[in-house]
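Residues per chain are reported as follows:
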Amino acid sequence: MESRKQLTGTLALAVFSAVLGSLQFGYSLGVINAPQKVIEQHYGRSLGVLPEEPLLLSENGTETEKREVHPSVVMYWSLSVSIFSIGGVVSSFLVGFIGDLRGRVKGMLMVNVLAVVAGLLMVMAKMWKPHVMVIAGRCVMGFYCGLSSGLVPMYIGEIAPMAYRGALGTLHQLATVTGILLSQVLGLEFLLGNDYYWPLLLGLSGAPAVLQSLLLPLCPESPRYLYIKRDMVEEAKKSLRRLKGEYDPSADLEEMRREKEEVEKEAQVSIAVLVRSSLYRQQLFVALMMHLSQQLSGINAIFYYSTAIFERAGVTQPVYATIGVGVINTVFTMVSVALVDRAGRRTLTLIGLGGMCICAVAMTVGLVYLSVYSWMSYVSMSAIFLFVCFFEIGPGPIPWFIVAELFSQGPRPAAIALAGCTNWTSNFIIGMTFPYIEALCGSYVFILFAVLLFGFTVFTYLRVPETKGKTFEEIAAVFKKGRNQTPGTRKTGFGTGTGTGTGTSTELEQLKSDSHA
């Protein structure tokens, strides 16, 4: 009965308002792909390398005349795509600063200005030089999304009741893949992905920010932020009651009090301190490896390669097959929402990574023998769909919110910033290098991802703890226990942090006195 009380209308409103930023993130990720040929035509005309005539499309949405793309257009188009990730890499370092400056809610409100500016730049792309306007808009939008992809999981992780923390945390990924799917559908040629409406298609990237700006003022601030960061006990109590309904908040406040004591011991932790500190090394290694497993799994390569595979399989409209992949992406993220607080984070991640590894091998077999056996095209297509299913069951959504679970309030903002930077950087590297890797390896390209996935599966089995149903204090105790059992320390109890020789106590003293903390 108590758990039902914890799911209130205010909590639902707060989570919905927050994940609008994730929807915007997903839309911005996917929107640039569908209208590529149309936008390249406008770039070419603006640069003076193509005649002033509209792009002619046949009935099935393909070019009636194949033209070789001018190198200048290729350069500006590549920059239009990659500048988004560069903006995200830069801004991800500021997540902790923005989140702590005025709070999680006001932080999300502040960065919405960036999204609106980015949307306006792109919707007005035809009014000046399209390549300059789109690149500027994508850069600002990437800067926004780098902040949003850190602030949203941070806020949701801090307001979610323990029993629903996994499911609510997974909603970040669900909103992201929904945004990708929405951009794919709206990007169809007969909707907005055409010569006339493409600036509106890109400009809609900023639309969710407008709605979010109207809803966020109605949402309570994170109680953990109010209590632990600002020492505002009464305000934290009011926020808890707004989020969970009328109940006795003493147990939650007591848990926050214990975490606050730990924070006061460890001091505020900057990124520099976090990287150097052996006190958080295990948690940080796990967090970064989980984000690397998400991006180096080959999921983006699957999306890049799926259209070509569908074409070779004889699909007359591969764009619709790609949208089908987007639908499966969304559906299985919903499955993860339902399972993550039952099966657990570690279990779902293991199933996802292991399944993706098998699918990558099946994909390779299908591609190698496609020219020999025509039915191998069905093996390839099935492997694509199953690969996406396994990704969204665990490796897709879980890394985004598990970082907030692995760290206490002191190092949490710095850890989320560092994990976000790792995610964005590896995303950028895969996006830039995959075409060259594919040209080098040919049909065997997914064997590389299969090897990486096998390694990530073994790492998850050996090193990633289960966080389901544990308080932040209990999760931290798991890592403390591991440190207490390392050579040179003396174990005296589970997670107490006392009697550990010079290991933990010396590290705490260093953290207190470090000039960067």
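What you are looking at is a predicted structure, and each value in this text was computed from that prediction instead of being measured.

1. What about the overall build of the chain?
Consideration 1: Looking only at helices and strands, the chain features 24 helices and zero strands.
Consideration 2: The 517 residues of the chain split such that 53% are buried.
Consideration 3: Long-range pairs, those at least 24 residues apart, make up 79% of the contacts in the chain between residues at least 6 apart in sequence.
Consideration 4: When the accessible surface of the chain is split by element, carbon and sulfur atoms take 65% of a total near 21,400 Å².

2. With respect to the environment of I299
Consideration 1: Positionally, I299 belongs in helix 16 (residues 299-312).
Consideration 2: Sequence-wise, I299 and V388 are 89 residues apart; in three dimensions their C-alpha atoms are separated by 7.2 Å.

3. Points about the packing of aromatic side chains
Consideration 1: For the structure on display, the rule yields nine aromatic pairs.
Consideration 2: Between the aromatic rings of F25 and W424, the centroid separation amounts to 5.4 Å while the plane-to-plane angle is 40°, which identifies the pairing as tilted. Taken as a pair, F25 in helix 2 (residues 9-30) and W424 in helix 21 (residues 412-441) lie far apart in primary sequence, 399 residues in all.
Consideration 3: Under the relative-accessibility criterion, F25 is labelled buried at 6%.
Consideration 4: Given a relative accessible area of 2%, W424 falls into the buried group.
Consideration 5: For the ring pair Y373 and W375, a centre distance of 5.7 Å and an interplane angle of 40° mean the geometry is tilted.
Consideration 6: Overall, the relative accessible area of 40% leaves Y373 in the partly exposed class.
Consideration 7: Its relative accessible area of 48% is what places W375 among the partly exposed residues.
Consideration 8: Taken together, the ring pairs in this structure connect F25, F84, W400 and W424 into an aromatic cluster.

4. Side note on the side chain of K260
Consideration 1: Residue position: K260 is located in helix 13 (residues 250-266).
Consideration 2: Non-local contacts of K260, meaning those with residues more than four positions away in its chain, are made with Y227, I228 and D231.

5. Looking at the environment of G96
Consideration 1: Locating G96 in the fold gives a position in helix 5 (residues 95-101).
Consideration 2: Between the C-alpha atom of G96 and that of L147, which follows or precedes it by 51 residues, the distance is 9.1 Å.
Consideration 3: Discounting residues that sit within four places of it in the chain, G96 has contacts with P413 and A417.

6. Structural notes on the packing of helix 4 (residues 71-92) against helix 21
Consideration 1: Contact geometry for helix 4 and helix 21: axes closest at 8 Å, N-to-C directions at 160°. Relative to helix 21, the element helix 4 lies roughly antiparallel. Judged by the twist between their axes, the crossing of helix 4 over helix 21 is left-handed. Only A417, G420, C421, W424, T425, F428 and M432 of helix 21 make contact with helix 4, whose side of the interface consists of S82, F84, S85, I86, G88, V89 and S92.
Consideration 2: A per-class count over the contact of helix 4 with helix 21 returns eight nonpolar, six polar and no charged.

Conventions we followed
Residues numbered from 1 in each chain as written. Predicted model: local features only at pLDDT ≥ 70, side-chain atom pairs only at ≥ 80, totals over all residues. Heavy atoms only, no water. Helix = DSSP H or I, 4+ residues; strand = E, 2+ residues; numbered from the N terminus. Buried < 20%, exposed > 50% of the residue type's maximum accessible area, 1.4 Å probe, protein only. Contact = heavy atoms within 4.5 Å. Areas by Shrake-Rupley, 256 points an atom, 1.4 Å probe, with all protein chains shown as cover. Phe/Tyr/Trp six-rings, centres within 6.5 Å; stacked < 30°, edge-to-face > 60°. Axes fitted to C-alpha atoms, helices over the stretch in contact; angles between N-to-C directions. Parallel < 35°, antiparallel > 145°, perpendicular 65-115°, else oblique. Left-handed = near helix turned anticlockwise from the far one by under 90°. Nonpolar A, V, L, I, M, F, W, Y, C, P; charged D, E, K, R; others polar.

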